[in-house]
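Chains, contacts and geometry: an overview
Next come the chains, spelled out residue by residue.
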Amino acid sequence: TSRQTKSYVALTVHFMQDWKLETKVLSTHLLEERHTGLNLASDLDHSIEKWQLVGKVAACTTDSASNMVSAGKLSKHITVRIPCFAHVLNLASNKVMEIDTIQSIRSKISEIVKFFNKSTIAAHLLEVQQLALGIKVGIAISKI
């Protein structure tokens, strides 16, 4: 979605040529219809046909949003949909941050960081201790 709240869809293709991974953007265009699985599948199928890739697509990688999962299932030309690893990892890390124990630890760490950032005396004493222990100075008072 653009800053002007216009929705775009992009289609990229990844393939091997001379044992080298190639990536090309085939299309980026405005998608004014609702982003339902059916509409996305139709758009994807149209692009695959337009670029004469019917029978040449091994898999499709998307985020794990329900409409994208549905599009992968409804497409005439997609047989395998692979969830985007970065998106899955992001979802997992966000879930971890919701755990009460983790939130409590983050809160305590945040208070410690605030303490050292507000007190020049405490920050200096921390630096002295870091130097004595051979720890890189400033590493413990960075923003969280």
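A brief structural summary. (Residues numbered from 1 in each chain as written. Predicted model: local features only at pLDDT ≥ 70, side-chain atom pairs only at ≥ 80, totals over all residues. Heavy atoms only, no water.)

1. Considerations on the pattern of salt bridges
Taken as a whole and judged by the stated rule, the model has four salt bridges. Glutamate 111 serves as the salt-bridge partner of lysine 114, at 3.6 Å between the closest nitrogen and oxygen. Here glutamate 111 and lysine 114 lie together in helix 4 (residues 100-118), a separation of three residues that amounts to about one turn. On the accessibility criterion, lysine 114 (42% relative accessible area) is partly exposed. Since its relative accessible area comes to 47%, glutamate 111 is described here as partly exposed. (Salt bridge = Lys/Arg side-chain N within 4 Å of Asp/Glu carboxyl O. Helix = DSSP H or I, 4+ residues; strand = E, 2+ residues; numbered from the N terminus. Buried < 20%, exposed > 50% of the residue type's maximum accessible area, 1.4 Å probe, protein only.)

2. Focus on the environment of arginine 3
Position of arginine 3 relative to the elements: it lies in the segment before strand 1 (8-17). Relative accessible area serves as the criterion here: at 84%, arginine 3 is assigned to the exposed category. Between the C-alpha atom of arginine 3 and that of serine 104, which follows or precedes it by 101 residues, the distance is 36 Å.

3. What about the nonpolar core?
Residues Leu11, Leu26, Leu44, Ile48, Cys60 and Ile78 constitute the largest nonpolar core, which totals six residues. With near-sequence residues (within four places) excluded, isoleucine 78 lies in contact with Leu44, Ile48, Val57, Cys60 and Gly72. With five residues, the next largest nonpolar core counts Val9, Leu31, Leu40 and Ala71 among its residues. (Core = buried A, V, L, I, M, F, W, Y, C linked by side-chain atoms within 4.5 Å. Contact = heavy atoms within 4.5 Å.)

4. Some points on the side chain of glutamate 22
Inspection of the secondary structure puts glutamate 22 in strand 2 (residues 20-30). Apart from residues lying up to four places away in sequence, glutamate 22 is in contact with Val13, His14, Phe15 and Gln17.

5. Focus: the packing of helix 1 (residues 37-50) against helix 2 (residues 66-74)
Across the interface, helix 1 lies against helix 2 with an axial gap of 7 Å and an inter-helix angle of 50 degrees. Taken as axis vectors, helix 1 and helix 2 run oblique relative to one another. Crossing geometry of helix 1 relative to helix 2 is assigned as right-handed. Contact residues: Gly37, Leu38, Leu40, Ala41 and Asp45 in helix 1; Asn67, Met68, Ser70, Ala71 and Leu74 in helix 2. Taken together, the residues of the contact of helix 1 with helix 2 break down into six nonpolar, three polar and one charged. (Axes fitted to C-alpha atoms, helices over the stretch in contact; angles between N-to-C directions. Parallel < 35°, antiparallel > 145°, perpendicular 65-115°, else oblique. Left-handed = near helix turned anticlockwise from the far one by under 90°. Nonpolar A, V, L, I, M, F, W, Y, C, P; charged D, E, K, R; others polar.)

6. Some details on the environment of glutamate 32
Topologically, glutamate 32 is positioned in the loop between strand 2 and helix 1. A residue is classified by how much of its surface remains accessible, and glutamate 32, at 68% relative accessible area, is exposed. In sequence terms glutamate 32 and lysine 6 are 26 residues apart; their C-alpha atoms lie 7.7 Å from each other.

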